[in-house]
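Spelled out, the chains give:
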Amino acid sequence: MRNFIRYAVRLLPWLLVLASCRGGGAVPTDTPAPKPTPKPPVYALIVKEKTNPYMLKMYEGFAAACEEIGAVPVFEGPGAYTADAQIEIIERLVDARSVDAIAIAANDADALEPSLRAAMNAGISVLSLDSSVNPGGRMTHIQQASPELIGRVLIQAAWSMVGGRGKVGLISSTLYATNQNLWISWMLKEIEENPLKYKDFELLPVLYGDDDPDKSAEAALLLLETHRDLGAIITPSVVGMLAVGRVLEARPPDVVFTGLGLPSEIAPFIRSGHCPWMYLWNPIDIGYLASWSAHALHTGAITGAVGDILTAGRLGQRFVTVSADGGTEILLGDPVKFDSGNIGEWELVY
Ligand code: RAM
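In this text, all values refer to a predicted model and were calculated from it rather than measured experimentally. All residue numbers here refer to positions counted from 1 along the written sequence of the relevant chain. Note on the predicted model: pLDDT of at least 70 is required for a residue's local features to be given, and 80 or more for side-chain atom pairs to be given and counted; whole-chain, interface and lining totals, by contrast, use all residues. Just so you know, side-chain values use all the structure's heavy atoms and leave hydrogens and water out.

Draft legend 1. The overall build of the protein, seen in detail. When you go through the protein residue by residue, the secondary structure sums to 11 helices and 14 strands. A radius of gyration in this sense is built from C-alpha atoms; the matching globule rule multiplies 2.2 Å by the number of residues raised to 0.38. Rg of the C-alpha trace for the protein: 29 Å, well past the compact-globule value of 20 Å for 350 residues, more than 25% over. Its C-alpha atoms give the protein principal-axis dimensions of about 125 × 35 × 35 Å. Three labels apply to residues, based on accessible area from a 1.4 Å probe with only protein chains included: buried if under 20% of the type maximum, exposed if over 50%, partly exposed otherwise in between. Taking all 350 residues of the protein together, 52% fall into the buried category. Across the protein, contacts joining residues at least 24 apart in sequence account for 67% of those joining residues at least 6 apart. For the protein, the computed accessible surface area is about 16,500 Å², with 58% contributed by carbon and sulfur atoms. Note that His is not counted, nor are the chain ends; the positive residues are Lys and Arg, and the negative ones are Asp and Glu. By convention, the point assigned to a charge is CZ for Arg, NZ for Lys, CD for Glu and CG for Asp. Between the averaged position of the 27 positive side-chain charges in the protein and that of its 39 negative side-chain charges there is a distance of 11 Å. Secondary structure elements follow DSSP: runs of H or I of four or more residues count as helices, runs of E of two or more count as strands, with numbering from the N terminus. Residue contacts are defined here by distance: any two heavy atoms, one from each residue, within 4.5 Å place the two residues in contact. Using a 1.4 Å probe, the Shrake-Rupley method yields the accessible areas, and only the shown protein chains count as cover for residues.

Draft legend 2. View of helix H2 (residues 53-69). Helix length check: H2, at 17 residues, gives a terminal C-alpha distance of 25 Å against a target of 24 Å (1.5 Å per residue), a fit within 8%. Residues of H2 that are buried include every one of Tyr54, Met55, Met58, Tyr59, Gly61, Phe62, Ala63, Ala65, Cys66 and Ile69, and no others. Under the rule applied, a polar contact is a pair of N or O atoms within 3.5 Å (in protein, one hydrogen donor and one hydrogen acceptor; residues adjacent in sequence only if both atoms are side-chain atoms). The residue sitting at the N-terminus of H2 and contributing the capping side-chain oxygen is Asn52; that oxygen lies 2.8 Å from the backbone nitrogen of Tyr54. A positive backbone phi angle near 90° is found at Gly70, which sits one or two residues after H2. How far a helix is expected to stretch is found by multiplying one less than its residue total by 1.5 Å.

Draft legend 3. Structural view of the site of the ligand. Nearness is judged by heavy atoms alone; a residue qualifies as near a molecule or strand once a single heavy atom is within 4 Å of it. As a structural note, the neighbourhood of the ligand is formed by Lys48, Asn52, Tyr54, Met55, Asp130, Asn179, Gln180, Trp183, Asp211, Ser237, Val238 and Leu260. Summarising the interface, the protein chains cover 100% of the accessible area of the ligand, which totals 290 Å² for the free molecule. The pocket and cavity definitions rest on a 1 Å grid over protein atoms only: a 1.4 Å probe that fits but cannot leave marks a cavity, an open set with protein on both sides within 12 Å along at least five of seven lines marks a pocket, and residues lining either have an atom within 4 Å of a point. Assignment of a molecule to a cavity or pocket requires that more than half of its atoms lie within 2 Å of the corresponding grid points. Under a 2 Å grid-point criterion requiring more than half of the atoms, the pocket assigned to the ligand is the largest cavity. Where a domain begins and ends is set by an automatic assignment or by a domain database. Taken domain by domain, the makeup of the shell around the ligand includes at least three residues from each of domain 1 (42-144 + 283-332) and domain 2 (147-280).

Draft legend 4. View of the packing of helix H8 (residues 238-248) against helix H9 (residues 263-272). One can describe the packing of H8 onto H9 by two numbers: an axis separation of 10 Å at closest approach and a directional angle of 30°. Classified by the angle between their axes, H8 and H9 sit roughly parallel to one another. When the axes of H8 and H9 are compared, the crossing they make is left-handed. Contacts between H8 and H9 involve Val238, Met241, Leu242, Gly245 and Arg246 from the first element and Glu265, Ile266 and Phe269 from the second. Note that Gly is not counted as nonpolar here; it falls among the polar residues with everything else outside the nonpolar set of Ala, Val, Leu, Ile, Met, Phe, Trp, Tyr, Cys and Pro and the charged set of Asp, Glu, Lys and Arg. Partitioning the contact of H8 with H9 into residue classes produces five nonpolar, one polar and two charged. Here, axes are lines fitted to C-alpha atoms. For helices the fit covers the stretch in contact, and angles between N-to-C directions go from 0 to 180 degrees. Here the word oblique covers every angle except those under 35 degrees (roughly parallel), over 145 (roughly antiparallel) and from 65 to 115 (roughly perpendicular). Here a crossing is called left-handed whenever its near helix is offset anticlockwise from the far helix by less than a right angle, and right-handed whenever the offset is clockwise.

Draft legend 5. Representation of the packing of aromatic side chains in the model. The aromatic pairing rule takes the rings of Phe, Tyr and Trp, using the six-membered ring of Trp, and pairs them if the centres are within 6.5 Å, calling planes under 30 degrees apart stacked, those over 60 edge-to-face and the rest tilted. Scanning all chains against the criterion turns up nine aromatic pairs. With 6.3 Å between their ring centres and 70° between their planes, Trp159 and Tyr198 make a pair best called edge-to-face. Taken together, the residues Trp159 in helix H5 (residues 147-161) and Tyr198 in the loop between helix H6 (178-193) and strand S7 (201-208) connect sequence positions 39 residues apart. A relative accessible area of 3% places Tyr198 in the buried class. Centre to centre, the rings of Phe338 and Tyr350 are 6.3 Å apart; their planes meet at 85°, and the pair counts as edge-to-face.

Draft legend 6. Region of the structure containing a negative patch on the surface. Patch definition: residues with relative accessible area over 30% and no salt bridge; like charges joined within 9 Å; nonpolar side chains (Val, Leu, Ile, Met, Phe, Trp, Tyr) joined within 5 Å. When a carboxyl oxygen of Asp or Glu is within 4 Å of a side-chain nitrogen of Lys or Arg, the pair counts as a salt bridge. A contiguous patch of negative charge on the surface is contributed by Asp84, Glu88, Glu91 and Asp95. Along the chain, the position of Asp95 falls in helix H3 (residues 83-96). Taking the relative accessible area as the measure of exposure, Asp95 reaches 66% and is therefore exposed.

Draft legend 7. Broad picture of the pattern of salt bridges. In this structure the tally under the stated criterion is 14 salt bridges. The partner of Glu190 in a salt bridge is Arg152, with the nearest N and O atoms 2.8 Å apart. Taken together, the residues span a long stretch of sequence, with Glu190 in helix H6 and Arg152 in helix H5 at a distance of 38 residues. For Glu190, a relative accessible area of 4% corresponds to the buried category.

Draft legend 8. Structural view of the packing of H2 against helix H10 (residues 283-299). It is at 6 Å that the axes of H2 and H10 come closest, and there the two elements cross at 40°. On the basis of their axis angle, the class for H2 and H10 is oblique. The way H2 lies across H10 gives a crossing that is right-handed. Each of Tyr54, Lys57, Met58, Glu60, Gly61, Phe62, Ala65, Cys66, Glu68 and Ile69 in H2 lies in contact with H10, whose residues at this interface are Pro283, Ile284, Ile286, Gly287, Tyr288, Ala290, Ser291, Trp292 and His295. When its residues are assigned to classes, the contact of H2 with H10 shows 12 nonpolar, four polar and three charged.

The analysis is restricted to geometry; functional conclusions fall outside its scope.
Here it is in structure tokens:
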């Protein structure tokens with residue numbers, strides 16, 4: 001009897017385990033546990049400044065593509081066009097580990113490079129759009145249109161508007177904007193390479209409106225006061241374009257302007273003849289392409305190397321090519337000319 005009790009006591013734990021198995025308990029069954037739903041990727045767009053209407057249009061396209069992708073878009077940008085403010089944002093996003101990709105329009109290519117390198121080291125995919133960062137601080141760049149073409153067509157436009165003769169002012173955005181500086185270098189090259197054509201044409205030294213309406217208007221007034229024989233003003237900034245238009249509309253269109261403007265804002269000046277024609281591309285498409293590129297980089301579909309091909313939703317296939325700064329880029333298309341013939345159609349879009 002004693003032996004039987006000892007035997008039963010030894011068996012007891014095993015019997016308890018068996019009983020709990022039968023009851024279903026915590027022991028695994030044949031039905032696999034439901035997998036946790038994968039978290040959607042988060043892609044941030046850091047713009048030059050948060051109220052610039054061009055930047056808002058870029059975000060419109062960026063967010064639309066995120067929706068198609070199933071990603072979460074984040075809109076970031078400083079209240080002033082400074083690299084320091086953008087660095088603070090990048091560092092905050094990296095510290096919080098809250099985003100999978102960053103697309104940035106640079107206020108200063110050099111200053112941003114270290115923090116963007118740190119972001120990439122933390123596993124975040126980084127690309128620039130609109131205004132590029134140095135190749136070392138990005139995986140690729142979204143190029144709106146050939147910088148050479150943009151620079152050349154703007155000078156050629158001003159040349160025709162003044163009949164090949166006279167003074168032309170130039171109001172840029174900020175001093176360190178990579179995109180405007182690149183376009184200006186091509187404007188100067190166009191003149192340098194065609195001395196005969198431009199022999200009676202004088203491009204005045206660059207003034208900076210800082211993408212600020214008041215500062216840009218002040219620059220336009222200064223040009224008008226200092227150069228009574230001024231023929232035209234070029235401004236490769238949407239903020240500058242509207243500000244210059246507002247200054248010039250108060251006078252007869254003896255001084256005209258051209259540049260890169262939003263059709264929705266510049267249409268009245270095209271109709272009044274103050275802006276005979278201007279150029280731009282679709283800023284919504286730039287944001288849209290950046291979002292799809294961020295996704296392709298994040299998922300590893302592309303690495304940003306020359307020869308990579310990506311599928312960008314309604315824009316179809318795009319190619320990664322070499323860029324003039326030695327990095328790589330993905331081109332959107334050609335600059336579009338807006339004049340009295342097509343402005344009515346485009347002013348409704350952007
Ligand atoms: C301004 C910005 C932007 C530029 C456009 C044309 O709003 O500086 O970078 O691409 O103009």
